[in-house]
Each structure stands twice: as C-alpha cells, then as structure tokens.
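Residue-level structural notes
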Protein chains: 2
Amino acid sequence: MKVLIVNAHPEPASLTSSLKDLAVTFLERAGHEVRVSDLHAMDWRAAIEAEDFGTSANSPLAIVTDSGDAYEGGTLAPEIAAEQAKLDWADTVILNFPLWWFHLPAIMKGWVDRVFTFKYAYGRGEGNSIRYGAGVFAGKRAMLSVMVGGGPHHYSERGINGELMDLLFPIHHGILYFPGFDVLPPFVVHDTVRMTDERFAEVAADWEKRLLELDTIAPIPFRPQAGGDYERHELKEGVEREGTRGLRLHVA
Amino acid sequence: MKVLIVNAHPEPASLTSSLKDLAVTFLERAGHEVRVSDLHAMDWRAAIEAEDFGTSANSPLAIVTDSGDAYEGGTLAPEIAAEQAKLDWADTVILNFPLWWFHLPAIMKGWVDRVFTFKYAYGRGEGNSIRYGAGVFAGKRAMLSVMVGGGPHHYSERGINGELMDLLFPIHHGILYFPGFDVLPPFVVHDTVRMTDERFAEVAADWEKRLLELDTIAPIPFRPQAGGDYERHELKEGVEREGTRGLRLHVA
C-alpha cells in the first residue's frame, strides 16, 4: 500500500500523535510506503484566503470558481498542490484526529477546505454527475482514526451524544465518499481521558491489526449516486429495508 | 436583544458577509444591540496552540486540563477571553457561514475549538452532569445562518446528501445545545450558486423577518440531559414516538 496519514494534534506526545507514529512503524515494517502530513508540524493554515488561488484569485473573491481556475491553471498555492500530489500518490488515506465538538479539529477541516478544491474534488461532470462513489479518489480507500474522550455508551444507538456513525456521516459520506473514496469503518479509541499504559498496549495491538488489513476489509456500503438507487438526487422509494430512516437510508 | 454575530467568509462582498451586514442594519434599526466577530477580518487563528493557554500550558500539552486551568486562572490568550466576554454579554448568538463540506468553515470550527474551553463550555458538574440544555449558555439563544450551494431536494428527507437537519445535528446539538443554548431553527439559503438580484431581495426580506422574531420563535425541542428522558447517558426505552430512529431520537 501507499498510505498517506494526515495527523491533527499540536502535541507530538499526545495519544493521537502516538498512533500516527505507530502507524508509520507498523506499516513500513510490513513493507508499505508511508507519507505523513502532520498539520501542526507543517504550520498548516486552516482558513481559505485569496492567496490560495494565486493569480486566479478575482476581486471580489469567488471561492468555488477561483479555486477551480487555480487548480486547472496550476496557480494553487504550493502547499495545496503538494497535498493534492500526496493524495494522487496514495492508494489509502488515514485521517488521524481527536473528535473535537463532534467533528474534525479546525486544522484538519481546513486541510479539507483548502485541498479539496473545485474541479479537483467536486464540480466534476455535468450537473454534479460525478460524485458519491465516483470522482478523483475513486479506487482509493480512506479511513478515520478517531480519538473520543467519552465512553461508547454516550455514542450508542440511543446514546445522548447521538450514535457515532451518524455523527461521522458528514465526514464519511460528505467529505470522503463524495469525491470517490471507498470509506472503511473507522478505528475508534474511546475513553481517551482515562488512558492507561495497559490499555494503550491493547490499543496499539488493535491498531497494528487494523492497519495491516486496510487493503482487504470491506468498506461502508454507501450507495453510489450513479448506481441506480437515486433519481434526481433523491433516493427512490422502496429501495431501503423497511423501517430505515435518516442518514442510514444512504447505506445499502 | 444583545446579538453576537460570528461571520466566516474571507470576502466582504460575498453573500455570507452581505447577510452579516444586513443583520447589523436590521437589528440596530429595530433598537437591538449588535456585536460582530468577523473571523477573517480579525485574522482569527483556527488551530489550538500551546500559547492559547499562556502559563497554564504544560509540556506535554494536555489540551483539556490546560485549557480549563487557563480559563479558571485567567491565562487564556486575550483574543479567546475577548470572545468568551462577547458570549457572556450576548443573549442571542448567530453563526453566519457557508456550508463547506457539510460543516462549518475551518475558521469557524476553530472559533469553537479555541473559545469553548474546558470548565467554560464543557466539563461542568460531576460526571458531565451539566450539559445538553444546561451550562454556561443556558437562557441564551443561538441560530445558524447557513449558505448552501445546492438545492433543497439534495438535502431533503431522502436527498442524496442526507437531510439537512441531520447533517447539522453535530453543530446544533453537539456544539450549541451541549453548552446550554436554546437552538433556533436555522435560517437556510439554498442554491447560492444561482443567486440573482431578485432572489437576493427576497432573501433579505426573509432575513429581516427572521431576525426580528429571534426572541420569540420556538427553539428545536432537543431533550435536556437532566429532563428525565435519559438514564446513564442513554435515552430510556419508549420515550420516543414509535418509529423514530437515529439522531431524531434526541428531539422531543
């Protein structure tokens, strides 16, 4: 495998960053190639600014079209083009982060906002026809590796925070599946505020096992836009198993 | 009302920023007080860094406890303390932003990550007992004002992106209701990529109407943690209307 790990934590000694380091060790030991985008170490800017688009930036700034022009015209800021090149190189992408306020840390959201530009990651095909199971990342796999402070029952089917897979849907389906990734079930570490050396050893063992099966485990069976289940961007009646509601409609 | 508007767009002439400007005009004309945090204009840093916590930053950095110590010890970075003071002042908060990759733009996520510190916005009460309908923002109202590129049918009950209220749940419930806000139904502008002068005039009229009823419209009836519907952080069986599933379990 050619694995890109995107890491979002300011502390190199954190649990999150430790899993990033372990991933490099485990994967390279097994003969895989690894590249890392360690966003804090790179001093990654999170906010989109006009300078991202170089000479393609108009005034007033039009983020969608200016970013598409910058991508196609080769005027994207070098650090953005470099991340797109890493994504093009990789066959497998891991987003490794702590769940902050039920989503990506801002620095990682800003990696998505800036790198997933128009014409590269979205706006492909007439009328948004090339997305959800198709697109620039088709044939590649992506997985979230998520550190969660709270325990699993807070995130269970009836847990007060909402079920974890529903909370992650905007990332899994909206950020990863949309531009074409096959999205693997997440690697989740719960109760990170109560980590011990003993538990960490168990987590590390589970992590190695998961990393070495990244190229074989089954992805989440999201429904491809062009797979026949949707008509005019809405799910056809009767496609789902009876009683399925909400976001789970979009999983076959 | 005392209204804090948090705005996330780099372009002052954008639709998003125009709605921010209109909100100031409409609200002040009606006699309300308004303060604005225009994040790009403030050059708001999105990523949490050790310097956020001043002398409370430990090495290795422990974000939860260091941020709580910094809040309680008064060593938070001045720009963070200033945002907390604005939140303490306000009785109504509007987050005004374009929906990017189905969530807040990174700069606004970073406003949440950095300003909603431990002991201020979370970690109150024994065993997380003061949250979801209680907490620092109890008695205040919050509303999202969201610019959405796509049309409503992409975000309908069976729309391919997922239903908009489900996609916004991690923000509504996880970011706003968690620390105590009453969360108002969002003000949503769809099809922003096809805006015309005529439509903009309609949007502006709807916006003024909504702004002037912020203190009277009914909030989303999320279930308070301490309201009796939950036991050990899970929703009791039989509380919901039959057939309710997923994230909607948490709306009464």
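Residues numbered from 1 in each chain as written. Chains lettered and ligands numbered in written order. Predicted model: local features only at pLDDT ≥ 70, side-chain atom pairs only at ≥ 80, totals over all residues. Heavy atoms only, no water.

By the definition in use, this model includes 32 aromatic pairs over all chains. An angle of 35° between the planes, with centres 4.7 Å apart, marks the rings of A:Phe187 and A:Trp207 as tilted. Taken as a pair, A:Phe187 in strand 6 (residues 187-189) and A:Trp207 in helix 6 (residues 197-212) lie far apart in primary sequence, 20 residues in all. Neither residue differs from the other here; A:Phe187 and A:Trp207 are each classed as buried. Ring centres 5.3 Å apart and planes at 55° place the aromatic pair B:Tyr71 and B:Tyr120 in the tilted group. In this pair, B:Tyr71 is assigned in helix 2 (residues 63-73) and B:Tyr120 in the loop between helix 4 (106-115) and strand 4 (141-147), connecting sequence segments 49 residues apart. The class of B:Tyr71 is partly exposed, set by a relative accessible area of 29%. (Phe/Tyr/Trp six-rings, centres within 6.5 Å; stacked < 30°, edge-to-face > 60°. Helix = DSSP H or I, 4+ residues; strand = E, 2+ residues; numbered from the N terminus. Buried < 20%, exposed > 50% of the residue type's maximum accessible area, 1.4 Å probe, protein only.)

We now examine the side chain of A:Arg141. Residue and element names in this part refer to chain A. If you trace the backbone, Arg 141 turns up in strand 4 (residues 141-147). For Arg 141, which is buried and forms no salt bridge, the nearest opposite charge comes from Asp 182, at a distance of 5.0 Å. A polar side-chain atom of Arg 141 sits 2.7 Å from the main-chain carbonyl oxygen of Leu 214. (Lys, Arg positive; Asp, Glu negative; His and termini not counted. Salt bridge = Lys/Arg side-chain N within 4 Å of Asp/Glu carboxyl O. Polar contact = N/O pair within 3.5 Å; in protein donor to acceptor, adjacent residues only side chain to side chain.)

Here the focus is the relation of the copies chain A and chain B. Least-squares fitting of chain A to chain B yields an RMSD of 0.0 Å, with the superposition described by an axial translation of 0.0 Å and a rotation of 180°. Here the copies are linked by what is in effect a two-fold axis. Closest approach to the rotation axis within chain A is made by the C-alpha atom of A:Ala106, at a distance of 2.4 Å. Mapped onto chain B, 98% of the interface residues of chain A are again interface residues, and the two copies thus contact each other with one and the same surface. (Least-squares fit on C-alpha atoms with pLDDT ≥ 70 in both. Contact = heavy atoms within 4.5 Å.)

It is worth spelling out a negative patch on the surface at this point. On the surface, A:Asp197, A:Glu198, A:Glu202 and A:Asp206 cluster together into a negatively charged patch. Positionally, A:Glu202 belongs in helix 6. (Patch = residues over 30% accessible without salt bridge, like charges linked within 9 Å, V, L, I, M, F, W, Y side chains within 5 Å. Areas by Shrake-Rupley, 256 points an atom, 1.4 Å probe, with all protein chains shown as cover. Charge placed at Lys NZ, Arg CZ, Asp CG, Glu CD.)

In this section: the packing of helix 3 (residues 78-89) of chain B against helix 4 of chain B. Residues and elements named next belong to chain B. The contact between helix 3 and helix 4 brings their axes to 10 Å, and the two run at 90°. Accordingly, the angle class assigned to the pair helix 3 and helix 4 is roughly perpendicular. Only Trp 111, Arg 114 and Val 115 of helix 4 make contact with helix 3, whose side of the interface consists of Glu 79, Ile 80, Glu 83, Gln 84 and Leu 87. Residue composition of the contact of helix 3 with helix 4, grouped by class: four nonpolar, one polar and three charged. (Axes fitted to C-alpha atoms, helices over the stretch in contact; angles between N-to-C directions. Parallel < 35°, antiparallel > 145°, perpendicular 65-115°, else oblique. Nonpolar A, V, L, I, M, F, W, Y, C, P; charged D, E, K, R; others polar.)

Moving on to the environment of B:Ala41. All names here are of chain B. Relative to the helices and strands, Ala 41 resides in the loop between strand 2 (33-38) and helix 2. Residue classification places Ala 41 among the exposed residues on the basis of a relative accessible area of 64%. Residues Ala 41 and Ala 8, 33 residues apart in the sequence, show an inter-C-alpha distance of 9.2 Å.

Okay, the interface of chain A and chain B next. Counting from both sides, the interface comprises 66 residues of chain A and, opposite them, 65 residues of chain B. With both chains or domains summed, chain A and chain B bury close to 5300 Å², and 62% of this area falls on carbon and sulfur atoms. The three residues of chain A that bury the most area against chain B are A:Trp101, A:Arg158 and A:Ile160, which together make up 20% of that side's buried surface. At the boundary of chain A and chain B, one finds four salt bridges. Of the charged contacts, one joins B:Glu240 and A:Arg158 as a salt bridge, the two residues approaching to 2.8 Å between their closest N and O atoms. The leading source of residues in the side of chain A that touches chain B is helix 5 (residues 164-177) of chain A, at seven residues. Among the residues forming the side of chain A that touches chain B, the class breakdown is 31 nonpolar, 19 polar and 16 charged. (Buried area = accessible area lost by both parts, 1.4 Å probe.)

Each pair of packed helices can be described by the angle between their axes along with the distance between the axes. All names here are of chain A. In contact at an axis separation of 10 Å, helix 1 (residues 15-29) and helix 6 are set at 45° when each is read in the N-to-C sense. By the angle between their directions, the pair helix 1 and helix 6 is classed as oblique. The hand of the helix 1/helix 6 crossing is right-handed. Facing Leu 15, Ser 18, Leu 19, Leu 22, Ala 23, Phe 26, Leu 27 and Arg 29 of helix 1, the residues of helix 6 in contact are Phe 200, Val 203, Ala 204, Trp 207, Glu 208, Leu 211 and Leu 212. (Left-handed = near helix turned anticlockwise from the far one by under 90°.)

Time to look at the pattern of salt bridges. Enumeration according to the criterion identifies 36 salt bridges over all chains in this entry. We note a salt bridge from B:Glu51 to B:Arg45, for which the minimum N-O separation is 3.6 Å. Of the residues examined, B:Glu51 reaches a relative accessible area of 60% and is grouped as exposed. The exposure class of B:Arg45 is partly exposed, given its relative accessible area of 25%. One connected set of salt bridges, linked through shared partners, spans A:Arg45, A:Glu51, A:Asp52, A:Glu79 and A:Arg114.

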